[in-house]
4 protein chains.
Amino acid sequence: MQHTEFASDNTAGICPEAMEALLAANSGHMASYGNDDWTRRACDAIRATFETDCEVFFVFNGTAANSLALASLCQSYHSIVCHKLAHVETDECGGPEFFSNGTKLLLAGGADGKLDMRGVEKLISARSDIHYPKPRAVTITQSTEVGTVYSLEEVRALGEGCREHDLAFHMDGARFANAVASLGVSPADITWRAGVDVLSFGGTKMGMPVGEAVVFFDHDMAKDFAYRCKQAGQLASKMRFLSAPWVGMLAENAWLTRAAHANAMARRLGNALARLPGIAPLFPVQSNAVFVSMPQHAADALKEKGWAFYSFIGAGGARFVCSWATQPEQVDALVADVKACLA
Amino acid sequence: MQHTEFASDNTAGICPEAMEALLAANSGHMASYGNDDWTRRACDAIRATFETDCEVFFVFNGTAANSLALASLCQSYHSIVCHKLAHVETDECGGPEFFSNGTKLLLAGGADGKLDMRGVEKLISARSDIHYPKPRAVTITQSTEVGTVYSLEEVRALGEGCREHDLAFHMDGARFANAVASLGVSPADITWRAGVDVLSFGGTKMGMPVGEAVVFFDHDMAKDFAYRCKQAGQLASKMRFLSAPWVGMLAENAWLTRAAHANAMARRLGNALARLPGIAPLFPVQSNAVFVSMPQHAADALKEKGWAFYSFIGAGGARFVCSWATQPEQVDALVADVKACLA
Amino acid sequence: MQHTEFASDNTAGICPEAMEALLAANSGHMASYGNDDWTRRACDAIRATFETDCEVFFVFNGTAANSLALASLCQSYHSIVCHKLAHVETDECGGPEFFSNGTKLLLAGGADGKLDMRGVEKLISARSDIHYPKPRAVTITQSTEVGTVYSLEEVRALGEGCREHDLAFHMDGARFANAVASLGVSPADITWRAGVDVLSFGGTKMGMPVGEAVVFFDHDMAKDFAYRCKQAGQLASKMRFLSAPWVGMLAENAWLTRAAHANAMARRLGNALARLPGIAPLFPVQSNAVFVSMPQHAADALKEKGWAFYSFIGAGGARFVCSWATQPEQVDALVADVKACLA
Amino acid sequence: MQHTEFASDNTAGICPEAMEALLAANSGHMASYGNDDWTRRACDAIRATFETDCEVFFVFNGTAANSLALASLCQSYHSIVCHKLAHVETDECGGPEFFSNGTKLLLAGGADGKLDMRGVEKLISARSDIHYPKPRAVTITQSTEVGTVYSLEEVRALGEGCREHDLAFHMDGARFANAVASLGVSPADITWRAGVDVLSFGGTKMGMPVGEAVVFFDHDMAKDFAYRCKQAGQLASKMRFLSAPWVGMLAENAWLTRAAHANAMARRLGNALARLPGIAPLFPVQSNAVFVSMPQHAADALKEKGWAFYSFIGAGGARFVCSWATQPEQVDALVADVKACLA
């Protein structure tokens, strides 16, 4: 039997608040393509969450949210700066290049999976001739692919740098909830007030069955974006089933409560693993993911016990991800098995 | 208050069999991206339904299903023959052109919204020089955009013609269930045995919250299609919520029972309307949609009463669509209001 | 032996003024990619010709000029209105759709191969929902594919209509020289002063070996167009050989003298053919092309005599095109052969 | 005054043999789009050169040749392995990504600007899941961007590796002539007999005004490539002016004689520079380019003297390129100025 509890936060099911709204939305006939009350309420809830009159579009998944957002910022001959570990580079099978018809990703390093302005500037100043794509946007992931979180100051510094260099600023927030819960900041402060132009606001990983929101803080940038979504196969006909879960999750801050739980489970796991001999943390545990290295034999043994996890960054590296659904007993069971495997 | 009951079959909610499976699937952690049991079962159910070892991919909506299927058959310099009323031409905002990076649609006429080989041949023989896109595929919609259904003979004739001219044959089956229920044929007979290479098998309109299946009857044509879906933002991470409803709907032929009900409601509506003076049927009612013309004042009055419906094909044209959720009382209420508006 | 003299104006060779400049440019080493004196002079000559500080880009052929210009005006989910006989629709193998990643062409009719605002408005007002591409540009061909010419008033009316509807206005000027020579207007009057935003200014058909100019009258629209050309394989390294012929042709209005000659040859041909029994003109001869209908047996016989010409618009239709290189004797020889074939 | 003699081999003009053929081709009317005798002869000459019945297509420039060839081998969700210094990566502004609608380039290192199978295998084995583009082709540049040349053994090893891993093998031969002249091998041996599937055979840098040939050694791979060229704006109407120079250059091996001269000039320059104190060769001089490092002050002084050259690979790096047109006196003048600048 396979234990998929920590393989990713998308192995979890639908969060109760999301499910409740989904069931409530399944009542009678309703206008399609987003012209329904649930979608209006979901957009309003997002606007309230960000304390601004932003433009909101619901799409099916994170690859689409990121790729469409970036395509709307760029032409095919432009380039986008991202971290070399960014999801848009490593896990979307060339989605950004496809949706933008060829935009190139420029890859920067940066400690703890985070981009900084020095790395951005190095890349965008390397070339200024027409034989190489012209830099047009920067994208960061919040929280990052290695479970770290950009501080308010870090986001602001990137926001200022983008303005200075006339670059659009996109945030891949597949795990935005975990970041906000971790930082204890307001969603507005960590996005548009810090210079973010567009946010991919992740719904799936925070507990929905399907769906992300693309949030434009700049109305001009959102021009004709509804056409872009439609053409790209990202306009749901029964939109209420994408939007209603947002109403459920954003009400009474359920999204942050659930994310805080996932973060707490990750800290519990991270702390317990760190105490085991032979285990070394690879990144600080700042959101809902734990990255450690362990002896290769232990990693192998753990897989043989049925634990599914993602291995990378060298031999023995392991990623464990917690979610709204993670239970303390599951954490403890994993820790016990790691301990046994180390022996 | 708006009456959206007949505006489209996508104004209906989730069908009980689909919902039951969705709820059952929401249990515990499960491998993501389709490596779960529900997805395996759904694929098997589709293979059993078509009595063949077809390749199955679940995507989010119909535009994506059609566009990805067609893009996999064509290069950018190819063309695709479709009816001028086809959804791929009139209602996907250039989706096929986008996903294929420029493939041109060649538009044929044809009675009752149906393509025939004479129309196809006229288009594909008009040009054979490299200054015009090369014909590569034919796509038909079953049931059609005007509620008619291709007979077994009609599909076979097109299948043979496609083989003869080395054209791939795609079927847009957004309402495939309604067609099969109407014809009383086996799904295998009306698709691969009649020469269809790829089917977009519609799930949303038959009662699911979201999701369609792309079914390849030719394994070679399906090569690398999983990569295509992933890159194009059409791979669900929590795939079980797309696939489980298929398990529910295909079990005990619920999909056909539900589609037969929708068809029956359309017949009830069509028959009742046809008896009203001033109403003229525009197309035979062969599936779940009814097209009639009525005096413009009546159409206006009906809209003022809150009835949402799609108007086209000249002044006074009206489309009414039934679904699994349509109730006889709703049909009767609409008929009564039409009658009142005609007065 | 084949007589290709009237098959097209691109069967002619290089015009003396273009050749002279080409030879003069072949002297020593020179900066590449357009950073040379010939290119600077060519751009200046075009600016002088249009009496304005336009932006000029040299590309290799007409498909590229049109497709890149249109792609710079549109996004993939937009549409472009053109005449159903427009070169972009009938003879560029889907180039506009490819370069724009899916933009749809909306086809209008219109007498004498010419678009009018009524036709444009009918198309752009047919749909306004996001399920169909959004109109964004209008393109006309001057002179047209059937040898007619838009009058100053006609271009102005379209220009005004475009402004009114917020549509960009492109002119495919593959045979712009013939149109200007025919109308006797200033290039400025018939383009930017009449509302044209971008012109594909044809070089090949007017006597160059290769190359067209894309002329932007609006600087903002030209933003980053150099990158677009480079990425799309349309930046010549030895640019001087594309640009020098422009210097030669524009000097002392050689381009107009040569075009006037081609137009005169077409009139000579048109007049002579019109006098033959059985020949009927299909379009007024306003530039360098003659369209007539003749009995099918005569057309067949003419082809057997080795005359190459393009047949279309029904049985017996024939297009004969004159160029800078057409000689009166060649016209007379063709007329004599047509006469013989009619017998 | 600027000295552009060594800035690139595309600062040279048209080589006498190419010019002679161009002038000869400018005689009378001729069928367009490649249906002329010069084009037939040019194709035959290329087939004779490669001793095989290859498929030949003439396009306008190197970016187009490479991008179209690669696009024909790949789908958008594929990846292509190239050296990190490859022209397709560093100097085509995302052309390969654009023409292929998003194919990703995977960048390998490798000594002397050359790819080896170890580097290829490391990249293609790093990922095998659908979340990352699937490797589909390898492209090498012969001669390389740093003036080195792949030996027969090196090309064969890559060819075998490609076969083994089911990868298509493309050669960017913008300076193929220089490589063949340097190696003294037969064009057939160093291409298709060594496993190369498609060659971009450079014409411009070897002395033509414009134009490259795409040579497919595998007929199946060339299927519909003419349509691809046409749609992408790469089909010349007056094709004879692109093809005739090939007839001139390939006759009596002029292309190799001219390339050998360029190589000899580079050796003369390389040897002379190597003798100067403070100058260090950066790469072996194996074709027509010389790469050296010199003190930054010397490089600055040389630029102030008007010498144009490309600087890269660290401070003081300089590239000097020779061509068919380079004269010994020019080489000596450059060497003298470098010497003076070093002082």
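The structure reproduced in this document is the subject of the present report. This one's a predicted model, so the numbers in the text were calculated from it and none came from an experiment. The numbers attached to residues start from 1 for each chain and follow its sequence in the written order. Chain A is the first chain written and ligand 1 is the first ligand written, with later ones labelled in order. The model is predicted, so local features are restricted to residues of pLDDT at least 70 and side-chain atom pairs to those at 80 or more, both for listing and for counting; the totals for chains, interfaces and linings are taken over all residues. Heavy atoms throughout the structure, all of them, feed into the side-chain values; hydrogens and water do not.

Residues and elements named next belong to chain B. In this analysis an axis means a line fitted to C-alpha atoms, helices contributing only their contacting stretch, and an angle means the value between N-to-C directions, from 0 to 180 degrees. Helix and strand definitions here come from DSSP, where helices need a minimum of 4 consecutive H or I residues and strands a minimum of 2 consecutive E residues; each element is numbered from the N-terminal end. As a packed pair, helix α10 (residues 240-250) and helix α11 (residues 254-274) sit with axes 6 Å apart at the nearest point and diverge in direction by 75 degrees. In terms of orientation, α10 and α11 fall into the roughly perpendicular class. Here α10 contributes Gly 248, Met 249 and Leu 250 to the contact with α11, which in turn contributes Ala 254, Trp 255 and Arg 258. Within the contact of α10 with α11, the residues separate by chemical class into 4 nonpolar, 1 polar and 1 charged. For classification, angles of less than 35 degrees are called roughly parallel, those exceeding 145 degrees roughly antiparallel, those between 65 and 115 degrees roughly perpendicular, and all remaining angles oblique. Whether two residues are in contact is decided by their heavy atoms: any pair within 4.5 Å suffices. In the scheme used here, Gly and all other residues not listed as nonpolar or charged are polar, with Ala, Val, Leu, Ile, Met, Phe, Trp, Tyr, Cys and Pro taken as nonpolar and Asp, Glu, Lys and Arg as charged.

Residues and elements named next belong to chain A. Salt bridges are defined as contacts in which a side-chain nitrogen from Lys or Arg sits within 4 Å of a carboxyl oxygen from Asp or Glu. Here the structure, examined in full by the defined rule, presents 64 salt bridges over all chains. Where Asp 44 meets Arg 40, a salt bridge forms, and the shortest distance between an N and an O atom there is 3.5 Å. With a gap of 4 residues between them, Asp 44 and Arg 40 both fall in helix α2 (residues 37-50), about one helical turn apart. On the basis of relative accessibility, which here comes to 37%, the residue Asp 44 falls in the partly exposed class. Buried, partly exposed and exposed residues are distinguished by accessible area as a fraction of the type maximum, computed with a 1.4 Å probe on protein chains only: under 20%, between the cut-offs, and over 50%, respectively.

On the chain D side, the residues contacting the 19 residues of chain A number 19 residues. Viewed at the interface, chain D and chain A are joined by 6 salt bridges. Its salt-bridge partner being A:Asp91, residue D:Arg127 comes within 3.3 Å of it at the nearest N-O pair. Polar contact is the term for a pair of N or O atoms within 3.5 Å; when the atoms are in protein, one must be able to donate a hydrogen and the other to accept it, and sequence-neighboring residues count only if both atoms are side-chain atoms. Seen at the junction of chain A and chain D, the total is 12 residue pairs in polar contact (both at pLDDT 80 or more). Those elements that place two or more of their residues in the side of chain A that touches chain D are α4 (87-90), α5 (95-99) and β3 (104-108) of chain A. Residue composition of the side of chain A that touches chain D, grouped by class: 7 nonpolar, 6 polar and 6 charged.

A separate point is the interface of chain A and chain B. Tallying the contact residues gives 49 residues for chain A and 49 residues for chain B. Throughout, buried area stands for the accessible area (probe radius 1.4 Å) lost by two parts on being put together, summed over both. When the two sides are added together, the surface that chain A and chain B hide from each other amounts to roughly 4000 Å², 56% of it contributed by carbon and sulfur. When residues of chain A are sorted by the area they lose upon contact with chain B, A:His29, A:Gln231 and A:Lys238 head the list and together hold 20% of the total. Taken together, chain A and chain B are joined by 32 residue pairs in polar contact (both at pLDDT 80 or more).

Within the secondary structure, A:Thr204 is located in the loop between β6 (198-202) and β7 (212-216). In this structure A:Thr204 touches A:Pro209, A:Val210, A:Gly211, A:Glu212, B:Ser237 and B:Lys238, once residues within four positions along its chain are discounted.

All names here are of chain A. When DSSP finds two or more bridges between a pair of strands, those strands are recorded as paired. Spatial strand order, β1-β7-β6-β5-β4-β2-β3: 7 strands in an open sheet with mixed pairing. With one partner strand each, in any of the chains shown, β1 (55-59) and β3 form the two edges of the open sheet. Neighbour-to-neighbour, the strand axes of the sheet open up by a mean angle of 25 degrees, direction not taken into account. Summarising the sheet, β6 and β7 pair through 5 bridges and their orientation is antiparallel. Looking at β7, one finds that Phe 201 is bridged to Ala 213. Along the sheet, helix α3 (residues 62-73) makes contact with β1, β2 (78-83), β4 (134-141), β5 (168-173), β6 and β7, crossing β5 at roughly 175 degrees. In the packing of helix α10 (residues 240-250) onto the sheet, contacts are made with β1, β6 and β7, and the angle to β1 comes to roughly 120 degrees.

The superposition of copies rests on a least-squares fit of C-alpha positions from residues with pLDDT of 70 or more in both. Turning chain A through 180 degrees and shifting it by 0.0 Å along the axis lays it on chain D, with an RMSD of 0.0 Å. In short, the pair behaves as if placed about a two-fold rotation axis. When the interface residues of chain A are mapped onto chain D, 100% of them again lie at the interface, so the same face is used by both copies.

Treat this as a map of the structure, not an account of what it does.
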